[in-house]
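A closer look at the structure
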Amino acid sequence: MPAGGLTRRAFMAATGATALSAPLVSWPYVPRAWGASGRDPRLLVVVLRGGLDGLATVMPVGDPDFAALRNDFRNPKLAEAPSLDSLFVLNPALRHLSALYTRKELLLFQAVATPYRARSHFDAQAMLESGLPDYGITAESGWLNRALQKTEAGPRLKKAPGLVVAPTAPLIMRGAAPVESWQPQAFSYVDDDTLQRLMQLYEARDPELARALSEGADVDMKLHGVQKVGNKAQAADSVQGFPEAMKTTGLLMAAADGPRIGAINFNGWDTHALEGAYDGRLAKTLQALDHGFAALETSLGPVWSDTAVLVITEFGRTARVNGSLGTDHGTGTIAMLLGGAVSGGRVIADWPGLSQKVLFEGRDLAPTLDIRAVMKGLLREHLDLSPAVLATEVFPDSSAIVPLRGLVRT
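All of the points below concern the structure found in this document. Keep in mind it's a predicted model, so treat the numbers as computed, not measured.

Quick look at the overall build of the protein
In terms of regular secondary structure, the protein is built from 12 helices and 13 strands. Sorting the 410 residues of the protein into buried and exposed places 56% on the buried side. With the model as given, the accessible surface of the protein reaches about 16400 Å², and the carbon-plus-sulfur share is 55%.

Here you go:
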């Protein structure tokens with residue numbers, strides 16, 4: 001039995017959704033007149049690469065077994081963690097997310113996973129991004145690109161290429177739909193020292209040109225999702241570069257003729273040693289993630305009200321802390337859905353518990369929710385894709401996975 005919080009059954013009862021295992025035909029598809037609504041939705045998917053420690057992010061402090069498993073992570077800052085419900089609190093580094101939760105613009109999913117049950121980053125990421133039922137299948141396209149293909153001719157989503165904030169399109173956005181990449185190429189920039197020498201040369205001869213050169217370099221870097229720190233350009237998927245990249249992403253997606261669907265990576269979640277959930281490495285990475293969401297909301301402006309941001313990772317971490325004060329590759333983890341279009345203020349979890357007898361293979365949080373149910377529910381409600389298209393084309397062979405309902409405001 002779940003230990004507390006909003007269980008899957010309670011969520012289904014509250015929203016009128018059917019059980020996750022029910023046949024797809026139990027949910028009749030009724031197309032909605034999006035064209036007449038005037039809504040212009042945006043969808044951004046943030047992939048956290050490395051395996052986010054979900055137990056250190058959405059922490060089940062109401063579970064009596066949590067403290068024993070994570071006693072090495074105990075810290076006075078845990079007292080600052082915002083309460084979400086009777087079972088869960090939010091990592092105190094996530095201050096903006098806490099505000100979004102209070103505003104009911106953040107949904108949190110705990111104990112989620114893909115069907116993958118091994119612990120390889122490569123295979124797990126391939127399955128997460130392909131949307132296929134088995135990681136052994138060679139994937140030539142990703143589920144977000146396939147979704148983009150199905151929305152291009154629809155009345156609700158304006159036809160525009162997808163956006164990728166990366167040097168090359170990750171698997172999730174590969175496919176037939178056109179995609180634009182906003183990321184610096186190796187030959188696109190001179191280093192800061194060289195730029196300064198050029199500036200000094202022009203300042204002596206043409207101060208106005210020197211000023212234009214400086215401003216142009218800064219704008220060019222921002223457009224490509226790069227933040228300059230010291231004399232180095234920080235990649236968009238780094239702790240230093242992510243907030244600035246999210247700001248630029250918001251500016252691009254807010255434009256009248258800009259992309260409506262995008263994907264961005266954020267690396268650095270593989271925390272095998274000295275994890276520092278509240279005041280160390282993980283806390284700093286979570287804080288950068290939080291700052292990125294704040295920057296995105298600001299840069300989207302009024303468009304935020306019709307935006308949904310899905311945050312996913314390939315797997316979780318072990319329930320126990322290892323000898324290096326870190327966590328190893330696990331299974332169950334969290335997902336997040338945030339934005340002005342989201343019907344939030346809830347944690348959705350059929351909580352399995354953390355006692356030894358219920359841990360997956362005796363070491364991991366046991367997953368109780370297939371992440372595809374979240375993805376399908378989001379695409380169904382936010383982009384108006386039909387259950388048939390979702391079950392056969394976007395997520396092949398997934399008819400047994402019923403989309404969650406009530407994720408997006410109507």
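Here we look at the pattern of salt bridges
The tally for this structure, following the rule as stated, stands at 14 salt bridges. For the salt bridge of Asp-40 with Arg-42, the shortest nitrogen-to-oxygen distance reads 3.0 Å. Judged by relative accessible area, Asp-40 falls into the buried class, the value being 17%. For Arg-42, a relative accessible area of 3% puts it in the buried group. Here Arg-103 and Glu-105 are joined by a salt bridge, their closest N and O atoms 2.6 Å apart.

Here we look at helix H11 (residues 371-383)
Along an α-helix, residues three or four positions apart point the same way, because every turn accommodates 3.6 residues. With 13 residues, H11 ought to run about 18 Å at 1.5 Å a step, and its terminal C-alpha atoms sit 18 Å apart, in line with that. With 13 of its 13 residues buried, H11 lies for the most part within the structure. In the segment just after H11, Asp-384 is the residue with positive phi, at about 65°.

A word on helix H6 (residues 143-151)
In terms of burial, H6 is a largely internal element, seven of the nine residues being buried. Residues Trp-143, Leu-144, Asn-145, Arg-146, Ala-147, Leu-148 and Thr-151 constitute the buried set of H6.

Observations regarding the packing of helix H4 (residues 95-102) against helix H10 (residues 281-300)
Relative orientation of the contacting elements H4 and H10 amounts to 55°, with a least axis distance of 7 Å. As judged from the angle between their axes, H4 and H10 are oblique. Between H4 and H10, the residues in contact are Arg-95, His-96, Leu-97 and Leu-100 and Asp-290, Phe-293, Ala-294 and Glu-297, respectively. Looking at the contact of H4 with H10 residue by residue, the classes come out as four nonpolar, one polar and three charged.

Quick look at the nonpolar core
Within soluble globular proteins, side chains that are nonpolar generally end up buried alongside one another. Counting residues in hydrophobic clusters, the biggest one holds 61 residues, and the most contacted among them are Val-46, Leu-97, Leu-108, Leu-289, Phe-293, Met-336 and Leu-338. Take this core: its biggest share by element is seven residues, from H10. Beyond its immediate stretch of four places on either side in the chain, Met-336 contacts Thr-57, Leu-97, Leu-106, Leu-107, Leu-108, Phe-109, Leu-289, Val-309, Leu-310 and Val-311. By size, the runner-up hydrophobic cluster in this structure holds 42 residues, among which are Val-112, Ile-312, Ala-335 and Leu-369.

Brief notes about the side chain of Thr-307
Within the fold, Thr-307 resides in strand S10 (residues 307-313). Classification of Thr-307 as buried rests on a relative accessible area of 2%. Residues within four places of Thr-307 in sequence aside, it is in contact with Arg-42, Leu-300, Leu-338, Gly-339, Gly-340, Ala-341 and His-382.

Some thoughts on the pairing of strand S4 (residues 106-113)
Here S4 lies mainly inside the structure; eight of its eight residues are buried. As judged from the six bridges shared by S4 and strand S11 (residues 333-338), these two strands associate in the antiparallel manner. Bridged to Phe-109 within S11 is Ala-335. Here S4 pairs with strand S12 (residues 346-348) via three bridges, running parallel. The partner of Leu-108 across the bridge, within S12, is Val-347. Examined bridge by bridge, S4 and strand S13 (residues 369-370) share two bridges and lie parallel to one another. Bridge pairing in S13 places Val-112 opposite Leu-369.

Structural notes on the packing of aromatic side chains
Each pair of aromatic rings is reported with the distance of its centres and the angle of its planes. Taken as a whole and assessed by the stated rule, the structure comprises four aromatic pairs. Between Phe-242 and Phe-266 the ring centres are 4.3 Å apart and the planes differ by 15°, which places this aromatic pair in the stacked class. Taken as a pair, Phe-242 in helix H9 (residues 242-254) and Phe-266 in strand S9 (residues 261-267) lie far apart in primary sequence, 24 residues in all. Since its relative accessible area comes to 0%, Phe-242 is described here as buried. With relative accessibility at 0%, the residue Phe-266 sits in the buried group. Ring centres of Phe-266 and Trp-269 lie 5.2 Å apart, and the angle between their planes is 80°; on these two criteria the pair is classed as edge-to-face. One aromatic cluster in this structure is built from Phe-242, Phe-266 and Trp-269.

Some points on the side chain of Thr-151
On the secondary structure map, Thr-151 appears in helix H6. Relative accessible area serves as the criterion here: at 4%, Thr-151 is assigned to the buried category. Polar side-chain contacts of Thr-151 include one of 3.0 Å to the backbone oxygen of Leu-148.

As for the environment of Trp-351
In this structure, Trp-351 sits in the loop between S12 and S13. What makes Trp-351 buried here is its relative accessible area of 1%. In sequence terms Trp-351 and Leu-365 are 14 residues apart; their C-alpha atoms lie 9.5 Å from each other. Reaching out from Trp-351, the side chain makes a polar contact with the side chain of Asp-63 at a distance of 2.8 Å.

Calculation rules
- Sequence positions are assigned chain by chain, starting from 1 and proceeding in written order.
- Given that this is a predicted model, residues contribute local features only at a pLDDT of at least 70 and side-chain atom pairs are listed and counted only at 80 or more, while totals for whole chains, interfaces and linings are drawn from all residues.
- Where side-chain values are given, they derive from all heavy atoms of the structure, hydrogens and water being excluded.
- Under the DSSP-based scheme used, a helix requires at least four consecutive residues in state H or I and a strand at least two consecutive residues in state E, with every element numbered from the N terminus.
- Summary of the burial criterion: residues with accessible area below 20% of their type's maximum are buried, those above 50% are exposed, and those between are partly exposed, where the area comes from a 1.4 Å probe applied to protein chains only.
- In short, Shrake-Rupley with a 1.4 Å probe defines the accessible areas, and a residue's cover is counted only from the protein chains shown.
- Salt bridges are counted wherever a side-chain nitrogen of Lys or Arg sits within 4 Å of a carboxyl oxygen of Asp or Glu.
- Expected span, for any helix, means 1.5 Å times one less than how many residues it has.
- Orientation is described by lines fitted to C-alpha atoms, with helices fitted over the stretch in contact, and by angles between N-to-C directions that extend from 0 to 180 degrees.
- In what follows, roughly perpendicular refers to angles from 65 to 115 degrees, roughly parallel to angles under 35, roughly antiparallel to angles over 145, and oblique to any angle outside these ranges.
- We call two residues contacting when some pair of their heavy atoms lies within 4.5 Å.
- Nonpolar residues are Ala, Val, Leu, Ile, Met, Phe, Trp, Tyr, Cys and Pro. Charged residues are Asp, Glu, Lys and Arg, and all others, Gly as well, are polar.
- As used in this record, nonpolar core signifies buried Ala, Val, Leu, Ile, Met, Phe, Trp, Tyr and Cys residues forming a set joined through side-chain atoms within 4.5 Å.
- The pairing criterion for strands is at least two bridges between them, as found by DSSP.
- Ring pairs shown here join Phe, Tyr and Trp side chains whose ring centres sit within 6.5 Å, with only the six-membered ring taken for Trp; geometry is labelled stacked below 30 degrees between planes, edge-to-face above 60, and tilted in between.
- Here a polar contact is taken to be a pair of N or O atoms separated by no more than 3.5 Å, where protein atoms must pair a possible hydrogen donor with a possible acceptor and residues adjacent in sequence count only if both atoms sit in side chains.

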